[in-house]
Amino acid sequence: MSVNKLGKFAVVGLSAAWIVGCSTSASDTDTSTSAESEAAAQEEAVAGETDQAFGAGTDSSLTSVIVDEEAAAAAAEAEAKQAAMDLLNSAQTVFYFDFDKSIVRPESREALAIHAQYLVANPSARVVLEGHADERGTREYNMALGERRAKAISRYLTIQGVAASQIETVSFGEEVPVSFGHDTASWQANRRVEIRYEQ
């Protein structure tokens, strides 16, 4: 029992003894007993509030505080994952390349950094990098070019700390265009790498 509680009990006990010693009639004694019981009830209420404030249970264990900390940690982790998912959902997933090139453009790096950050934080997540080319060139050449583009994105992600086991590359060459025109704008739209997350 703490010194503070002992002091309170002593004050209550001395006050009760003094009241009892000074009383001479039965009604005065009943009043003093009532005062004693009120003081004792207040003391118990204060002790109960103190125990609840520290999260102690009936056996003075701190299990409720530990559960609250675990719940708070779980809530914070869930909130962080949701924030990461929101950021990831807003990030670019298609990265374009110049004609006959497999060099990652500077404007793609910010979005790729977001993907890398997510993948590093979630080691169980996996991505497929799909390389594409426009229709110019032979089928074999475009397959190789799509592969080089996917590998360029893969290298960039691994430099950012993503495990190679999280990344798969595949080339479609010119086989899966998003634009079917035969002009510069269509060709530019088809020279790309798409990031797809596996579920």
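Remember, predicted model here, so these are calculated numbers, not experimental data. (Residues numbered from 1 in each chain as written. Predicted model: local features only at pLDDT ≥ 70, side-chain atom pairs only at ≥ 80, totals over all residues. Heavy atoms only, no water.)

Along the chain, the regular secondary structure elements total six helices and four strands. Moving toward the C terminus, one meets the helices and strands of the chain in the order α-α-α-β-α-β-α-β-α-β. With 199 residues in all, the chain has 27% of them scored as buried. Once local pairs closer than 6 in sequence are excluded, the contacts in the chain between residues at least 24 apart make up 70%. In the structure as shown, the chain presents an accessible area of about 12,400 Å², 58% of it carried by carbon and sulfur atoms. (Helix = DSSP H or I, 4+ residues; strand = E, 2+ residues; numbered from the N terminus. Buried < 20%, exposed > 50% of the residue type's maximum accessible area, 1.4 Å probe, protein only. Contact = heavy atoms within 4.5 Å. Areas by Shrake-Rupley, 256 points an atom, 1.4 Å probe, with all protein chains shown as cover.)

This part covers the environment of S179. With respect to the helices and strands, the residue S179 is situated in the loop between strand 3 (167-173) and helix 6 (184-190). The sequence separation of S179 and D134 amounts to 45 residues, and the corresponding C-alpha distance is 9.3 Å. Look past the residues within four positions of S179 in its chain and what remains in contact with it is S186, A189 and N190. Among the polar contacts made by the side chain of S179, one reaches the side chain of S186 at a distance of 2.9 Å. (Polar contact = N/O pair within 3.5 Å; in protein donor to acceptor, adjacent residues only side chain to side chain.)

Before going further, it helps to spend a moment on the pattern of salt bridges. All told, the structure shown has 11 salt bridges when counted by the stated rule. Between R126 and E198 there is a salt bridge, with the nearest N and O atoms lying 3.1 Å from each other. Pair noted here: R126 is in strand 2 (residues 126-132) and E198 is in strand 4 (residues 192-198), with a separation of 72 residues, a long-range link. Residue classification places E198 among the partly exposed positions, given a relative accessible area of 36%. We note a salt bridge from R192 to E194, for which the minimum N-O separation is 2.6 Å. Considered together, R192 and E194 belong to a single accessibility category, that of buried residues. It is possible to trace a salt-bridge network through shared partners that takes in E130, R192, E194 and R196. (Salt bridge = Lys/Arg side-chain N within 4 Å of Asp/Glu carboxyl O.)

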